[in-house]
Amino acid sequence: MKMDVLSIFPTMFDGMTGNSIIKKTIEKGLVDVSITDFREYAEGKHQTVDDYPYGGGAGMLLKAQPIFSAVEALRERTPDTKPRIILMDPAGKRFDQKLAEEFAQEEHLIFICGHYEGYDERIREFLVTDEVSIGDYILTGGEIGAMAMMDSVIRLLPGALGNADSAVTDSFSTGLLEHPHYTRPAQFRDMEVPEVLLNGNHKLIEEWRERESLRRTWERRPDLLESYTLSDQQQKWLEEIKKGVD
């Protein structure tokens, strides 16, 4: 996969691309990440990327020309791809695991990170394919949101994780929150690991994990159950969980 990022603060991505799973995935050649300062594409000796909005109002807007020119240059370098061009914007579609899985199937993603009050509307209307938000709050720029999305997508790429099952069983990938996890020692400060995880009966362990995943979802994110189709067994467990029957 090819990932391009347009930002006037490219060094913000150094920590992300130089550490942990993202670094290893880049080194393996599973993803090619490039950060471009779109100020370099701004016309004029001062390379101005923002200007006052027509009609007045507070704040500055990112100009269309530098971003159009930067995207066009990126597309010329990879003429054989048809990129999804993603505008980081609080007015966009809410990012979730389903969208991450959709993006992970693409061969080329371009993220546009904004600053100031907003964008010239022509960027939305004539350039981007997707407007995406990571939540109902405002950040100083799109870089943090882009990093979160990139991390979420990259870890889904085949070979990115040491255990291929990790991404499949993560919270939200199954439609439910993930079940509790424990590791050694079995007893720590009078706090014990559930006995079912220690008996070696894999069938019982899987049933426990499924039930606890359902319990955690109902307790913490019951809204997820509104769009989740429960099996007969899960429905029975949920009724017992609601009644406090263990």
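On a predicted model such as this, the values are computed, not experimentally measured, just so you know.

### Focus on the layout of surface pockets
Roughly 400 Å³ of internal volume is contained in the largest pocket. If you go around the largest pocket, you meet 16 residues; those closest to its centre are D96, Q97, K98, F172 and L224. At three residues, the largest contribution of residues to the lining of the largest pocket is made by helix α4 (residues 97-103). Split by domain, the residues of the lining of the largest pocket number at least three in each of domain 1 (2-155) and domain 2 (171-243).

### Focus on a nonpolar patch on the surface
Together, F9, M12, Y137, L139 and I144 make up a nonpolar patch on the protein surface, roughly 460 Å² of accessible area in all. Tracing the sequence through the fold places Y137 in the loop between β8 (130-133) and α6 (143-154).

### Looking at the UniProt feature "binding site: S-adenosyl-L-methionine" (unreviewed entry) in the protein chain
Residues annotated by UniProt as "binding site: S-adenosyl-L-methionine" (unreviewed entry) correspond here to G114, I134, G135, D136, Y137, I138 and L139. From this annotated list, the subset lining the largest pocket comprises I134. Polar side-chain contacts of D136 include one of 2.8 Å to the side chain of R94. Structurally, the position occupied by I138 is in the loop between β8 and α6.

### Points about the side chain of D120
With respect to the secondary-structure elements, D120 resides in the loop between β7 (118-119) and α5 (121-126). Side-chain polar atoms of D120 contact the side chain of R122, separated by 2.7 Å. Sequence-distant contacts of D120, defined by excluding residues within four places in its chain, comprise L61, L62, K63 and A64.

### Examining the side chain of D89
Along the chain, the position of D89 falls in strand β5 (residues 84-94). A polar side-chain atom of D89 sits 3.0 Å from a polar atom in the side chain of R124. Leaving out residues up to four positions away in the same chain, D89 has contacts with Y119, R124, E131, V132 and S133.

### Description of the sheet that holds strand β1 (residues 2-6)
With parallel pairing, the five strands of this open sheet are ordered in space as β2-β1-β6-β5-β8. Each having just a single partner strand, β2 (32-36) and β8 make up the two edges of the open sheet. With strand direction ignored, the average angle separating the axes of adjacent strands in the sheet is 30 degrees. Relative to β8, β5 runs parallel, the two being bridged by five bridges.

### Re the environment of L197
Summarising the element assignment, L197 is placed in the loop between β10 (191-192) and α8 (202-220). The sequence separation of L197 and A70 amounts to 127 residues, and the corresponding C-alpha distance is 54 Å. Residue contacts for L197: discarding those within four places in its chain leaves Y182, I205 and W208.

### Some remarks on the environment of V49
Residue position: V49 is located in the loop between β2 and β3 (50-51). Since its relative accessible area comes to 0%, V49 is described here as buried. Setting aside anything within four residues of it in sequence, one finds V49 in contact with I8, F38, R39, A42, L61, L62, K63, P66 and Y116.

### A look at the pairing of β1
Counting buried positions along β1 gives five out of five residues, so the element sits mostly inside the fold. Burial along β1 is two-sided: the residues K2, D4 and L6 and M3 and V5 are all buried. Pairing of β1 with β2, which is carried by five bridges, proceeds in the parallel orientation. Residue pairing across strands places D4 opposite S34, the latter belonging to β2. Two elements, β1 and strand β6 (residues 108-112), share five bridges in a ladder whose sense is parallel. When the sheet's bridge partners are listed, D4 is paired in β6 with I110.

### Points about the sheet that holds strand β4 (residues 61-62)
With mixed pairing, the three strands of this open sheet are ordered in space as β3-β4-β7. Edge positions in the open sheet fall to β3 and β7, since each of these has one partner strand only. Of the strand pairs in this sheet, β3 and β4 are connected by two bridges, and their pairing is antiparallel. When the bridges of β4 are listed, D51 appears paired with L61.

What counts and what doesn't
Residues numbered from 1 in each chain as written. Predicted model: local features only at pLDDT ≥ 70, side-chain atom pairs only at ≥ 80, totals over all residues. Heavy atoms only, no water. 1 Å grid on protein atoms, 1.4 Å probe; cavity = no way out; pocket = protein on both sides within 12 Å on 5 of 7 lines; lining within 4 Å. Points joined across faces, edges and corners; volume = space filled by probe spheres on them. Helix = DSSP H or I, 4+ residues; strand = E, 2+ residues; numbered from the N terminus. Domains from an automatic or database assignment. Patch = residues over 30% accessible without salt bridge, like charges linked within 9 Å, V, L, I, M, F, W, Y side chains within 5 Å. Areas by Shrake-Rupley, 256 points an atom, 1.4 Å probe, with all protein chains shown as cover. Salt bridge = Lys/Arg side-chain N within 4 Å of Asp/Glu carboxyl O. UniProt positions renumbered as here; feature names shortened; annotations may be inferred. Polar contact = N/O pair within 3.5 Å; in protein donor to acceptor, adjacent residues only side chain to side chain. Contact = heavy atoms within 4.5 Å. Pairing = 2+ DSSP bridges. Axes fitted to C-alpha atoms, helices over the stretch in contact; angles between N-to-C directions. Buried < 20%, exposed > 50% of the residue type's maximum accessible area, 1.4 Å probe, protein only.

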